[in-house]
Amino acid sequence: MVLNYIWIAFFLIAFVVALVKFVFLGDVNVFTEIMNSTYESARTGFEISLGLTGVLSLWLGVMKIGERGGMVELFSRAVSPLFSRLFPDIPKNHPVSGSILMNLSANMLGLDNAATPFGLKAMQELQEINPKKGEASNPMIMFLILNASGLTLIPVTIMVYRAQLGAANPADVFIPIMIATFSSTVTGMIAVCMKQRITIFNKAIMGFVLSIAVLIIGTIILFRSMSQEQINMVSGLAANIFLFTIIVLFIVKALRRRINIFDAFIDGAKEGFKTAVTIIPFLIAILVGIGVFRASGAMDFLMEGVRDLVALTGLDTRWVDGMPTALMKPLSGSGARGMMIDAMQTFGADSFTGRLSSVLQGATDTTFYIVAVYYGAVNIKNSRYTVPYALLADLAGIIAAIFVAYLFFG
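What you are looking at is a predicted structure, and each value in this text was computed from that prediction instead of being measured.

Caption draft 1: Region of the structure containing unusual backbone geometry. Look at Asn93: it is not a glycine, yet its phi comes out positive at around 60°. Mapped onto the secondary structure, Asn93 falls in the loop between α3 (71–86) and α4 (96–108). Judged by relative accessible area, which is 31%, Asn93 ranks as partly exposed. A positive phi is found at Arg384, a non-glycine position, where the angle reads about 55°. Summarising the element assignment, Arg384 is placed in the loop between α16 (367–377) and α17 (386–409).

Caption draft 2: How the structure looks around the nonpolar core. Formed by 59 residues in total, the largest nonpolar core has its most connected members in Phe87, Ile100, Met123, Met142, Phe143 and Tyr375. Filtering out sequence-adjacent residues up to four positions away, Phe87 remains in contact with Ile100, Pro139, Met142, Phe143 and Leu146. Formed by 26 residues, the second largest nonpolar core is a distinct cluster that contains Val320, Leu356, Ile398 and Val404.

Caption draft 3: Representation of the environment of Asn138. Here Asn138 lies in helix α6 (residues 138–148). Measuring from C-alpha to C-alpha, the distance between Asn138 and Val30 comes to 42 Å, with 108 residues separating the pair along the chain. The contact partners of Asn138, leaving out residues within four places of it in the chain, are Asp89, Gln196, Arg384 and Tyr385. Among the polar contacts made by the side chain of Asn138, one reaches the side chain of Tyr385 at a distance of 3.4 Å.

Caption draft 4: Just the side chain of Thr325, in detail. Considering the arrangement of structural elements, one finds Thr325 in helix α13 (residues 323–328). Since its relative accessible area comes to 1%, Thr325 is described here as buried. Apart from the residues within four sequence positions on either side, Thr325 is in contact with Ala336, Met339, Met340, Ser357, Leu360 and Gln361.

Caption draft 5: Geometry of the side chain of Lys329. By secondary structure assignment, the location of Lys329 is in the loop between α13 and α14 (333–347). As a buried residue without a salt bridge, Lys329 has its nearest oppositely charged side chain in Asp365, at a separation of 5.0 Å. From its side chain, Lys329 meets the backbone oxygen of Thr364 in a polar contact 2.8 Å long. Beyond its immediate sequence surroundings of up to four residues, Lys329 is in contact with Ala336, Gln361, Thr364, Asp365, Thr366 and Thr367.

Caption draft 6: Quick look at α16. Burial analysis of α16 places ten of its eleven residues in the buried class, which makes it a mostly covered element. For α16, every residue scored as buried is listed here: Thr367, Phe368, Ile370, Val371, Ala372, Val373, Tyr374, Tyr375, Gly376 and Ala377. Once α16 ends, the next one or two residues include Asn379, with phi positive near 60°.

Caption draft 7: Examining the pattern of salt bridges more closely. Within the structure shown, the criterion is met by twelve salt bridges. The closest approach of N and O atoms between Lys21 and Asp27, which form a salt bridge, is 3.8 Å. A salt bridge links Asp316 to Arg318; the shortest N-O distance between them is 3.0 Å. Counted as one network, the salt bridges with shared partners bring together Lys64, Glu67, Lys121 and Glu271.

Caption draft 8: Structural detail: the packing of helix α11 (residues 261–295) against α16. It is at 8 Å that the axes of α11 and α16 come closest, and there the two elements cross at 140°. One element, α11, and the other, α16, form an angle in the oblique class. Pair α11 / α16 crosses with right-handed handedness. Contacts from Thr275, Thr278, Ile279, Phe282, Leu283 and Ile286 of α11 reach α16 at Phe368, Tyr369, Ala372, Val373, Gly376 and Ala377. Of the residues contributing to the contact of α11 with α16, the split by class is nine nonpolar, three polar and no charged.

Caption draft 9: Seen up close, empty space enclosed by the protein. Throughout the structure, instances matching the rule amount to one cavity of 30 Å³ or more. Counted as a void, the largest cavity has a volume near 50 Å³. Residue lining of the largest cavity: Leu151, Phe182, Thr185, Val186, Met189, Phe208, Val209 and Ile212, and that is the complete set. Broken down by secondary-structure element, the contributors of at least two residues to the lining of the largest cavity are α8 (174–195) and α9 (203–224). Counting residues per element, the lining of the largest cavity draws most heavily on α8, which supplies four residues.

Definitions and limits used
Residue positions within a chain follow its written sequence, with the count starting from 1. Totals for whole chains, interfaces and linings use every residue, but because this is a predicted model, local features are given only for residues with pLDDT of at least 70 and side-chain atom pairs only at 80 or more, for both listing and counting. Here the side-chain values reflect all heavy atoms present in the structure, with hydrogen atoms and water set aside. Where helices and strands are cited, they refer to DSSP runs of H or I of at least four residues and of E of at least two residues respectively, numbered from the N terminus. Relative accessibility thresholds used throughout: buried, under 20% of the residue-type maximum; exposed, over 50%; partly exposed, between the two (1.4 Å probe, protein chains only). Residues belong to one nonpolar core when they are buried, are Ala, Val, Leu, Ile, Met, Phe, Trp, Tyr or Cys, and are joined through side-chain atoms within 4.5 Å. Any two residues whose heavy atoms approach within 4.5 Å at even a single point are treated as in contact. As used in this structure description, the phrase polar contact means that two N or O atoms lie within 3.5 Å; if the pair is within protein, one of them must be able to donate a hydrogen and the other to accept it, and residues adjacent in sequence are counted only when both atoms belong to side chains. The convention is simple: Lys and Arg are positive, Asp and Glu are negative, and His and the chain ends are not counted. For salt bridges, the criterion is a side-chain nitrogen of Lys or Arg within 4 Å of an Asp or Glu carboxyl oxygen. Structural elements are reduced to axes, namely lines fitted to C-alpha atoms, with helices fitted over the stretch in contact, and the angle between N-to-C directions of any two is expressed from 0 to 180 degrees. Each angle receives one of four descriptions, namely roughly parallel if under 35 degrees, roughly antiparallel if over 145, roughly perpendicular if within 65 to 115, and oblique otherwise. Two helices that cross are described as forming a left-handed crossing if the nearer one is turned anticlockwise from the farther one by less than a right angle, and a right-handed crossing if clockwise. For this scheme, ten residues count as nonpolar: Ala, Val, Leu, Ile, Met, Phe, Trp, Tyr, Cys and Pro. Four count as charged, namely Asp, Glu, Lys and Arg, and the remainder, Gly too, count as polar. Grid spacing is 1 Å over the protein atoms alone, the probe is 1.4 Å, and a cavity is where that probe fits but cannot get out, while a pocket is an open set with protein on both sides within 12 Å along at least five of seven lines and lining residues have an atom within 4 Å of a point. Grid points are joined across faces, edges and corners, and a volume is the space filled by probe spheres set on the points.

See below:
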């Protein structure tokens, strides 16, 4: 329901802003640009879905091998102590726990191509145990919030862009990003726990939070002594070893059960193809709404308003220059990436704004894209409180990003 209102607001606000620009500023091209953005966004949505088809078919085929071979069941048992607390409505040792674990692991390693298929598989399995098929269940909401918070251990892509744009030390944003994204994830998780009346202070959940904190600290210590080239090589190698090891383990376990591995893969790949087709209209809808909002100039007006308000308080306004990235990130990953690159090109990769934009890019994930794709794949019409709680996690990440940017670079 919230997503419905937001989508309508994109168009109504865009129309009002465009009308003001046309009548009072004499901008005769604004409506043409808006309509062109709808065509471009619709095409982009289809192309993204088309690109997902092969990846979904591959990884859902692999997941089907793991499911029939029993490997997913083993994963489910391993994470049962934690997931029984975070997802109390999921039956004990249900296969969905393994899919959720695979998704979160891939996200933490920055493996978007693998994370999305695992996530869609998890959503399909969560829908099977959902008593109200058109409404998001509590486990679905918790899962979406953990995804939308964007916890990533190694933000390689951001560091690569900084290197290409001439940063003296492209990895100098590494630690601030880790702190910001961890803040986003913990805030989102705690907020949903409170909403769903899940006890936070138990060994499983606190152990999970502390384990992630230790993992982040360990990763920071490891990479601080490495050059940019070494970071890229080690992170890429670790991610690819992880993925291929998973595939081999699934196949070996399936061999021991003497199942037909090829047939299992084909059955899973068919599910992947169907899923890719299902999400096309949902993805196009959200991307067109975002495109209209951007093309109308509403985003620019919003930023100028924020800058003026901050200036009135007498506070430092440098952080406002990085806000286009922060505001765009929940709407569009590629849009936020473009804002980050523009900030580094305009102000310099090693400027405060350039670094802040990089930290903001890594602090959260594309909330509306994730909600549209994941819920669209299982035809969820009522997202309940998913969007506001995901945006709360985003806000925590943004505030943390601004704070650590001043702390490290201010």
